[in-house]
Amino acid sequence: RVRDTERMIESSEIVAKLAALRTKVTEWDPHPTFFELTFALALDWFRDRKNEWVVLETGLGGRLDATNVLKPEVTVI
């Protein structure tokens, strides 16, 4: 469910971005989770699309949640 106002991310973009991520994280221990990889892929896609604002749904929200890497302008609960 990665999309912006114009379109959904395409399968070919997912494949390319996952291949690039795979080369970066192959040796990591612990290996990133599915959520962490998907989150990184989405952020990279939003950056490529030059989105000024992004609405993100967080994970569980704990202190180790991958979404904590961001510094939000606005947070809504």
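Residues numbered from 1 in each chain as written. Predicted model: local features only at pLDDT ≥ 70, side-chain atom pairs only at ≥ 80, totals over all residues. Heavy atoms only, no water.

Asks: Teacher, can you tell me more about the pattern of salt bridges here?
Replies: Note that side chains of opposite charge can pair when their charged atoms are close. Counted under the stated rule, the structure contains 9 salt bridges. Several salt bridges converge on common partners, so that one network encompasses Lys-17, Asp-44, Arg-47 and Asp-48. (Salt bridge = Lys/Arg side-chain N within 4 Å of Asp/Glu carboxyl O.)

Asks: Please explain helix α2 (residues 34–48) as it appears in this structure.
Replies: Given 3.6 residues per turn, any residue in an α-helix points the same way as the ones three and four places further on. Helix length check: α2 (15 residues) gives 21 Å between terminal C-alpha atoms against 21 Å at 1.5 Å per residue, within 8%. Among all positions of α2, only Leu-37, Phe-39, Leu-41, Ala-42, Trp-45 and Phe-46 are buried. Next to the buried residues of α2 lie α1 (11–25). Just downstream of α2, Lys-50 is the residue with a positive phi angle, here 60°. (Helix = DSSP H or I, 4+ residues; strand = E, 2+ residues; numbered from the N terminus. Expected span 1.5 Å × (residues − 1). Buried < 20%, exposed > 50% of the residue type's maximum accessible area, 1.4 Å probe, protein only. Contact = heavy atoms within 4.5 Å.)

Asks: Where do I start with the environment of Thr-75 in this structure?
Replies: Structurally, the position occupied by Thr-75 is in the segment after α2. Counting along the chain gives 20 residues from Thr-75 to Val-55, while the straight-line C-alpha distance between them is 9.6 Å.

Asks: Teacher, can you tell me more about the nonpolar core here?
Replies: Proteins that are soluble and globular tend to have nonpolar side chains buried together. Among the nonpolar cores identified, the biggest contains 9 residues, and these are Val-2, Ile-9, Leu-21, Val-25, Leu-37, Leu-41, Ala-42, Trp-45 and Phe-46. For this core, the secondary structure elements donating two or more residues are α1 and α2. Tallying contributions element by element places α2 first for this core, with 5 residues. Dropping the residues within four chain positions of it, Ile-9 is found in contact with Val-2, Arg-3, Ile-14, Leu-41 and Trp-45. (Core = buried A, V, L, I, M, F, W, Y, C linked by side-chain atoms within 4.5 Å.)

Asks: Explain the side chain of Asp-4 to me, please; I cannot follow it from the model alone.
Replies: Positionally, Asp-4 belongs in the segment before α1. From its side chain, Asp-4 meets the backbone nitrogen of Glu-6 in a polar contact 3.0 Å long. In terms of polar contacts, Asp-4 uses its side chain to reach the side chain of Arg-49, at 2.8 Å. When near neighbours in sequence (up to four residues on either side) are disregarded, Asp-4 contacts Trp-45, Arg-49 and Asn-51. (Polar contact = N/O pair within 3.5 Å; in protein donor to acceptor, adjacent residues only side chain to side chain.)

Nothing here speaks to function; it is geometry throughout.
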